[in-house]
Every structure is written in C-alpha cells, then in structure tokens.
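Commentary on secondary and tertiary structure
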Amino acid sequence: MKRYYKLISLSLFTIVVWAGFFIPSIPASGNQPEFVIKTQDDQKELGHHLVVSGDYSDNDNISKFLTISEEGSDYFSDRSYLSQKEMLYANPGAEQLIKDYRNFMRGKGYDLKSFYQDDTTLAYVEIDSDINFRGYESINPSFQVDVLDKETKDRTTFELKLTKNSNFDYGDILFVQLKENELQVVASLSSFDHEKGIDSEEYHLFAIDVENQELINDELILENEENITESQSEWQSLDVISAETGENDQNYIVFMKSVQEAESLPNGEERIFMKDSEFIAYNLESKKQSKLDIPEEIQPEDYDDSLHLEGNNLYFSKLKNNELDMSSYDISEQTIASEQTFSTPERDTEESTYYGIEHGYLIIAGRYITNESDASIIIYDPKSAEKIYDGEISADDKMKAVKGELAIHDITFTVGLNEY
Amino acid sequence: MSNYLKLVNFELNRFIKLYMVLIGVTIVSQLVGAVLVSRRYLKDVNQAIYEDGMSQSSFIEQFGQFSFYDFGMSLWFVGPIALSIVVLLIYVFFIWYRDWFAKNTFIYRLLTLPTARLNVYLSKATTIFLMVLGLVALQLILIPIESRVLEWMVPLDFRNDLSLDQIIEQLHVMSVLIPQSILQFIRNFGIGFMSVFIVFTAILLERSFKWKGILLGILYGAFTIGLYVLPGVLESLISPGYFYQSEKFFIAIAMVVIISSLSIWLGRLLLKYKVTV
C-alpha cells in the first residue's frame, strides 16, 4: 500500500475535488432572488397562464435571463446543459411545438411567422435556396412546404421552385395561413443592386394548392426601393403588421409605409420617430388592397409606439403622461371602432412601463423591479376597457439585500389560453 | 486488475517529478501573479487619484473595477496552464517513445511482463487522464484561494468579486477545462481522452510498421476524425437541422465511445501480434 501512496493521493484528491465541484450545494443562480407572480383568488385562471420574461442583474452587471410564473422563477443558468444548448428559452411557442410535434419540427426554423396552426392542421412554409459563390445571392430558390394532419398524423411535404421570382438575395416568410387546402403565404423578397446601391424589397402573396402541390398564384402587393449610397437623415421603411401566429383565421394583412428619422437625444441615445406613415390593408379573401385613412391624432409618432392587428381591428397605442391611449380602427368599416384610455402604474414613467396585446388582451406592467419596489401587472379587455386581471410580480428577501434590478422584456401567455 | 494498477502506479512514478514541477510552477506563478497584478492595478489607482487628482468614481468609470478576469487574462495565470498543456501533449508521445529510445529499451520488459499487453496500453492512458484531471482539480482549488488574495490586496470599492461560476464563464480557457455540468464534462473530456486513444494507436501503428506505419498512423487519425464528423456531415447533406442539439450531443458521445473502443481494440491487436521488440 505504501508503494501506491502517490497514486492513491492523486486519485483521491482528483475525485474529491471534482465531486465537490459537481455536487451542487447552491444552484448556478446562486444568490439570485426568486420572483413570483401573485394573483388574486378570483383571477387564478388567467394568472395561471401568465409568463414574464426578463433579465436580472445585480452588482456584477451581468444579465441573467429568467422567466417568471405563478410557480416562481426559472433562471436560464439553472436549466440543464442540454436544455441550454437547445436555446429555446426565449421562444416558448417553438418550445411547445417541439414538445407536441417533435418529428414534424425536425429541420425547421423556429420563427413562428413561418407556421400556421389550427385544431386539425399544422403547416410550415420556408424559402430555401443555395447561396452563390459571391456569398450574398440566392440561387434556385424554392418553397419548402410541410403540412401535418394532427388527427391522422399524415404529412404532406413538397418543394416548389420559385421560377418567376428567383432574382433576390434574401427571402423571408412573414405570414402563413391555410384556408380550404390553400396556403396563403406573405413573403418579402429583398435584393441589393451593388452597382447602383439600391436596396429593393418586394412583398408578395403566394397561393399554394396543397393537394395538387402547385403554386397557383403570385401577386406583388407592395414594393420599396431605397438608394443607400446617398447620405440621408431619413429613410423609408416598409413593415408588416399581422396578428401573432395563432389559431384564428386572419382576413387582413396590414402594411405600414413610413418615413423615419433619427433624432439624437441629450443622453447620447438615438430616438427614431416617424415623420410620415401610410397604412395599406390587404384583404386575403377578396385579394384587394386599400389605403387606410387613419386619423392623424392616432397615427404613431415613435417607432416604438405599438401597433397590433386583431381580426378586423388595427390597434394603435401611445403612452403619454402616465396614461395609455388605445384606439382601434376597424379595417372593414374604415372607421375608428373605439378609443380607450388606460392608466399605467402610478410611479412608472413612459420608459418604465411595459405594455402589449396578447391573445386579444391588453397587458400593462411596470418594466423594472428593484429592491425598493415590486411591479404590478394589469390586464384589460381592450374592447370593453374592463380590468380583468390585477396582479403583481414580487421578489423574495434576497432582492432587498442586493442592489439588483429585474428588467421585463415580455409578458405572454402559455399555451392553453385559447381554451380560457 | 492488480497488474493494471501496478502498471499505472509505475507510469505515474516515472513522471511524478516533472508533474510536481508543473504543480509547483502553477501554484507559485498564479499566487505571485495575483499579488503582482493587483499591485499594478493599485499603483494605477494611486497615480490617478493622488497624483493626477482624479476622483475615485471617475477612475472606476474610466478604468473599471478590478476583478478576477483582469488577473485571469495575465500571463501569470494563463502561462502555467499553457505550459502544462504543452508538457502533457508532448508526454502523450513521450510515454511510449521513451520505452523504445531511452537508455534501456524498456519496452522489452513491459511487453514480456506476465500480464495482458492491453494493460500496458490502458495504464499509460490512465496515467495521462489522471494527470490532466489532477491539474484541473488543482486549478479548481487555486481559483478560490487566488480570489481571496485579490480580496486582501484590493479595497472593496475598487473590486468586483466574481463567483467561481462567473470566473469560469468569463475566462474562455477555464470554460473548456472546467465544464459546468457532468454532461459537459463527459463531452469535453470524452473528446480529449478519445484523442489520446487515437494518438496511442497511431503510435503503435508506427511502431508496428515503421515507415509505412507513419503513413498508416496519419491515415488512421484522419479516418477517426472523419468518422467523428460523419454524422454531422451526413445531416447537413441529407437533411440540415434534422437532429436537435440534445440528440447531437448523444450522437457525439456515441461516436466518442465507438472511436475509443475501436482505437483500444486496434491497439490491443497491434500489441499482441504486430509490435516487435
């Protein structure tokens, strides 16, 4: 035994140190505070589905991503190694799709705009192409289509060459909808003319017959060009406003054409505001587009002003003087359907207020939580202005011990809310 | 088993002096470095505040607080780690070739021992693994000690204390050597140990076939690397993105096991039938 003392010592030392390192006495989140959503008893159904995403940082100024629910906090750093590798912590929608349809989701991107889902079907459309030797031009572009029948588990998978519109550098799917065996796909096709310095973008509506596996229509809806070689303080932008991926049929896609300008603020930051904006609604049923006559008082001023499309209603929201003004514009009637004002948490300023529309509900919350304050979450029905939820995010005592701050990025609902 | 352990003990004893030197250099360099690097920072603080008239808050705003990261990026910290890596890499070859080319051709005695020749192969591999894990374990002990030294040297206002996890995360070399989870440990060190088996088998190919053996060894190395990356290549050619990250992890582990087993099996064959003394 004496002859082996070196081997035994080295082995024991190695095993003890490594075991001591891997047997966690404190989880990776260490002394990070725990957060929880507190809900009143009569609002449990809604509160149960709430998920808050944010970043917590304290003295070390290192941000730690976490999600918060009624069950408590889930720090990304506490997740298993394999769970962290999947990198889906910021995309609960994709995470749920993988959980429910693991084989279907193989090889798919995780941008939910490429998916359509209802009670019986899950569809996915993507633009695939090779890149030429110069590295920036797409060649041989095609649609990759995959449709799953949830009941029979049958899959229809096919590829459609884009022969008519094949000269573009980058294609992006913006919206997918399945109606009576026909996929309606809105996609943007971008190209850059290196000689002239012109950046072009075209928005197309494609119609794909799933049964016959053919492209039956390709309609150019809008296009935008910009010469980026000219120095400019303002620029044109074309954005798409469509409802979040869900189970409801969408009748409209709305495009916002805006002229934007950057303004330097005294604190050194830059604010982008909109000099001019124009809204074009495209009816997916009738295939007609119409320019929306949006009253100037509700038009967005800042690029950060929120826009949301829900059914036939386009919602415009603005934060001002501790109040959220929300107007809904009925696209089919071309009139303002409602105007509501909602109060924001008392002590919060515009910068420290979070708001958004999820599943047709307006969510307003305090954006920051510090050791001196919690954050309230209030949910309204934007149509009736009725307050249907009043909760808060609270932190445990560890928060008081450190000068930490939780910054909220997003508040959403988990799946299953459609049944609520 | 006892023959195997005897051989491991024997191999360890052959290298222990150099190993202790590596340990000594690591401890001394890193502890001395912790003192010197923090003193250099304090010298800058004193110059800025007492000679140039800068306020404490301005200094911190401009130059930042001192943390383990500043020390960890210095040669005092990284140097001994790099030295140990180089020495152990060389020893992966030397552990075999010394038996052929040293003063006494010791390989005669090793291969005529009343034990399976595979024990010779496995004992050398075990020695390498133990030494690597031992040095990394030493680093795990030293980091908290060095953190405490930095705490003694630098006042709190000028200091940003990092936890062990934060230090490992911020220093890239540490995040490779000190995996944060058991699965990551299996992957990182599995690949490392697989590489050792591949090199050992390539060496035995060279020892078995001489000049042709060099070519065979190189080809074997290329073959095993090709085999390791094959699942990824097939995936990207046939169906890109088909496997999820967790599945890719387990495929990688499976390839490590397959290639290691193949290397050990081939090494055993060569030792039994081809290696000549």
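Computed from a prediction, not measured in an experiment: that's the story for all the values here.

So, about the overall build of chain B. If you tally the helices and strands in chain B, you get ten helices and two strands. Order of helices (α) and strands (β) in chain B, N terminus to C terminus: α-α-β-α-α-α-α-β-α-α-α-α. Rg of the C-alpha trace for chain B: 24 Å, well past the compact-globule value of 19 Å for 277 residues, more than 25% over. Dimensions along the principal axes, computed over C-alpha positions, put chain B at roughly 75 × 55 × 35 Å. Residues classed as buried in chain B amount to 46% of the 277 residues present. In chain B, 81% of the contacts between residues at least 6 apart in sequence involve partners at least 24 apart. Carbon and sulfur atoms make up 69% of the accessible area of chain B, which amounts to about 14200 Å² in all.

A word on the domain arrangement of chain B. All names here are of chain B. Assigned domains of chain B: these are domain 1 (1–176) and domain 2 (179–277). Distance between the C-alpha centres of domain 1 and domain 2: 27 Å. Domain 1 puts 25 residues into the contact, and the matching count from domain 2 is 25 residues. Regarding the contact of domain 1 and domain 2, the summed buried area is about 2300 Å², with carbon and sulfur atoms giving 75% of it. Broken down residue by residue, the surface that domain 1 buries against domain 2 is led by Trp100, Tyr121 and Phe129, which jointly contribute 28%. Linking domain 1 with domain 2 are zero salt bridges. At the boundary of domain 1 and domain 2, one finds five residue pairs in polar contact (both at pLDDT 80 or more). Among the secondary structure elements, those contributing two or more residues to the side of domain 1 that touches domain 2 are helix 4 (75–101), helix 5 (107–111), helix 6 (117–153), helix 7 (164–170) and helix 8 (172–177). When residues in the side of domain 1 that touches domain 2 are grouped by element, the largest group, eleven residues, is from helix 6. Taken together, the residues that form the side of domain 1 that touches domain 2 break down as 21 nonpolar, one polar and three charged.

With that settled, consider a nonpolar patch on the surface. On the surface, Ile225, Val229, Leu230, Val233, Leu234, Leu237 and Ile238 of chain B cluster together into a nonpolar patch covering about 670 Å² of accessible area. Residue placement: Leu237 of chain B occurs in helix 9 (residues 182–238).

Close reading of the predicted structure is inappropriate where its pLDDT is low. Averaged over every residue, the pLDDT of chain B is 91; the share at 70 or more is 99%. Across the predicted assembly, pTM comes out at 0.81 and ipTM at 0.88.

Backbone geometry places Glu180 of chain A, a non-glycine residue, at a positive phi of 50°. Summarising the element assignment, Glu180 of chain A is placed in the loop between strand 9 (170–179) and strand 10 (182–193). Owing to a relative accessible area of 82%, Glu180 of chain A belongs among the exposed residues under this scheme. Positive phi outside glycine occurs at Lys210 of chain B, with the angle close to 55°. Counting through the fold element by element, Lys210 of chain B comes out in helix 9.

Right, let's talk about the side chain of Gln30 of chain B for a bit. Among the secondary structure elements, Gln30 of chain B is positioned in helix 1 (residues 2–51). Not counting the four nearest positions on each side in its chain, Gln30 of chain B is found in contact with Val25, Phe71, Trp76, Phe77, Pro80, Ile81, Gln139, Leu142 and Glu146 of chain B.

With that out of the way, let us pick up the sheet that holds strand 16 (residues 289–292) of chain A. All names here are of chain A. Across the sheet, four strands lie side by side as 13-14-15-16; this open sheet has antiparallel pairing. Bordering the open sheet on either side are strand 13 (234–241) and strand 16, each of which pairs with just one other strand. Adjacent strand axes in the sheet meet at a mean angle of 30°, parallel and antiparallel pairs treated alike. For strand 14 (residues 252–264) and strand 15 (residues 270–283), the ladder comprises 13 bridges, and the chain directions are antiparallel. Looking at the pairing, Ile253 lines up with Tyr282 of strand 15.

Cut-offs used in this document
Residues numbered from 1 in each chain as written. Chains lettered and ligands numbered in written order. Predicted model: local features only at pLDDT ≥ 70, side-chain atom pairs only at ≥ 80, totals over all residues. Heavy atoms only, no water. Helix = DSSP H or I, 4+ residues; strand = E, 2+ residues; numbered from the N terminus. Rg over C-alpha atoms; globule rule 2.2 N^0.38 Å. Buried < 20%, exposed > 50% of the residue type's maximum accessible area, 1.4 Å probe, protein only. Contact = heavy atoms within 4.5 Å. Areas by Shrake-Rupley, 256 points an atom, 1.4 Å probe, with all protein chains shown as cover. Domains from an automatic or database assignment. Buried area = accessible area lost by both parts, 1.4 Å probe. Salt bridge = Lys/Arg side-chain N within 4 Å of Asp/Glu carboxyl O. Polar contact = N/O pair within 3.5 Å; in protein donor to acceptor, adjacent residues only side chain to side chain. Nonpolar A, V, L, I, M, F, W, Y, C, P; charged D, E, K, R; others polar. Patch = residues over 30% accessible without salt bridge, like charges linked within 9 Å, V, L, I, M, F, W, Y side chains within 5 Å. pLDDT = per-residue confidence, 0-100. Pairing = 2+ DSSP bridges. Axes fitted to C-alpha atoms, helices over the stretch in contact; angles between N-to-C directions.

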